[in-house]
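Each chain, written out:
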Amino acid sequence: MKPARTRLPRPRTRLPRPRTRLPRPRTRLPRPRTPHLVEPSRFAPGDVLSEAVAGMLRRPGRSALTALGTVLGVGAFVAVLGLTATASSRIDARFDLLTATEVTVEDIARERDEFAGPGFPADADARIGRLGGVTDAGVLWTVRLAPGTTVRAAPVGDGADGEPVDVVAASPGALRAAVPRLAQGRLYDEFASSTAQPVAVLGASVAARLGITTLETRPAVFIGDEPFVVAGIVDDVRRRADVLMSVTVPRTTAERLWGPPESGAATMLVATETGAARQIAAEAPVALRPDHPEYLRAVPPPDPRTLRAGVTGDLDRLFLLLAAVCLVIGAVGIAHTTLVAVLERTGEIGLRRALGARSRHIAVQFLAESGVLGGVGGLVGAATGVCAVVGVALFRHWTPVLHPATVAAAPAIGLATGLLAGLYPAVRAARTEPAEALRH
């Protein structure tokens, strides 16, 4: 047999076709640009400030008069707040000395019970005097005289130039608690009160109306037909100013002649040591009427913050309104001056625009000038206000009080006033066309 033939496979190798592609040219020519004839304007902050100062110093007299309104407004603002703070500190001191040591006890027995008698017992002064912290205390009321009863310096006559005069019944403690200042004589004492002596203390105005100028002749006054020896003349009191316009007699004498006071007519004046007033106000009704403490109402001293606000509120509003008016006047002056400067420097504006300055650069320049005027006015006004506060305090022997925030805010207020005032002139200058400006 013949051997089988083995066939080898033919090689089928195919060479790859060359696929080389050249990249497409993507070169783009730059677009033609219009060349700048002038470099764009750049206005640095230092340039703005130097231009503003130069514009202000160009006419120093006008600039000074323009800033005067801002000086007055800011100075009034600082002075008002400084003097208010100084006066408030003085009010606090006087509150501690007088108001904080005063308690008033009122008789409200008739409000509680229609048939209740007088709320104050006969030994009311002694009961309150035993409380710790009480310096002086006493009951007083205005005496209800019969119709036609007058006060005279002679047994006959119309009495006090025909005008009625109040008669106040007060125990010696109440008279001392009023802190009177005697022009002549002395106050009646506990002996005169306990024995119901016919003595009286006159206010200076009542003594002048009655023609009593000296106590060397031992004058007397007649309340109706009852004679009273004048023990002293009071020309000032620190509490109960009605004592200056009345005739004050002992409580026991008034009860002997005209009877006890009606329910609700009497009050008790209590002078205490510093810090004891509110405690005394809480204890007084129980000490006076342990059986019916609700018949009495003790009025403690008011809150010092409320007192300060009530005293200084109206004054603050008045002077702050004055300061606002001065600031408005200053703003109008700055706006007028800046607007005049825009009109005078129209040619300069056109030249700057032609050299490449933009509208915003012109606006910033004039706005900076008005801001510098306002800022300088604010600084000078703040210094003026501080000097005014210190001067008044030294003259009155007070301690000057100034809040740092007030002094720090004053120049900012002046700067804001100047910027607001220069806003319209700056916008008008920025809208000026170069060609129209160069015609000037």
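By convention here, each chain's residues receive numbers from 1 onward along its written sequence. Side-chain atom pairs in this predicted model are given and counted only at pLDDT of 80 or more, local residue features only at pLDDT of at least 70, and totals for whole chains, interfaces and linings cover all residues. Side-chain measures here rest on the full set of heavy atoms in the structure, leaving out hydrogens and waters.

### Some words on unusual backbone geometry
Item 1. Backbone geometry places Arg-218, a non-glycine residue, at a positive phi of 55 degrees.
Item 2. Helical segments are the DSSP runs of H or I of at least four residues, strand segments are the runs of E of at least two, and each set is numbered from the N terminus. When you line up the elements, Arg-218 lands in the loop between helix H7 (204–210) and strand S7 (220–223).
Item 3. Within the chain, Arg-240 stands out as a residue other than glycine whose phi angle is a positive 55 degrees.
Item 4. The topology assignment puts Arg-240 in the loop between strand S8 (226–237) and strand S9 (246–250).

### Points about the pattern of salt bridges
Item 1. When a carboxyl oxygen of Asp or Glu lies within 4 Å of a side-chain nitrogen of Lys or Arg, that pair is called a salt bridge. Using the criterion set out here, one finds 11 salt bridges in the structure.
Item 2. Asp-235 is the salt-bridge partner of Arg-181, the closest N and O atoms lying 3.3 Å from each other. Residue Arg-181 is located in strand S5 (residues 180–185), and its partner Asp-235 is located in strand S8; the two are separated by 54 residues in the primary sequence.
Item 3. Residues participating in the shared-partner salt-bridge network are Asp-136, Arg-176 and Glu-190.

### Some remarks on the packing of aromatic side chains
Item 1. Two rings from Phe, Tyr or Trp (for Trp, the six-membered ring) form a pair when their centres are within 6.5 Å of each other. A pair whose planes differ by under 30 degrees is stacked, one over 60 is edge-to-face, and the rest are tilted. Going through the model one piece at a time under the given rule, you end up with one aromatic pair.
Item 2. Consider the rings of Phe-228 and Trp-258, whose centres lie 6.2 Å apart with planes at 20 degrees: the pair is stacked. Highlighted residues: Phe-228 in strand S8 and Trp-258 in helix H8 (residues 251–258), separated in sequence by 30 residues.

Everything listed here is a matter of geometry and, on its own, says nothing about what the molecule does.
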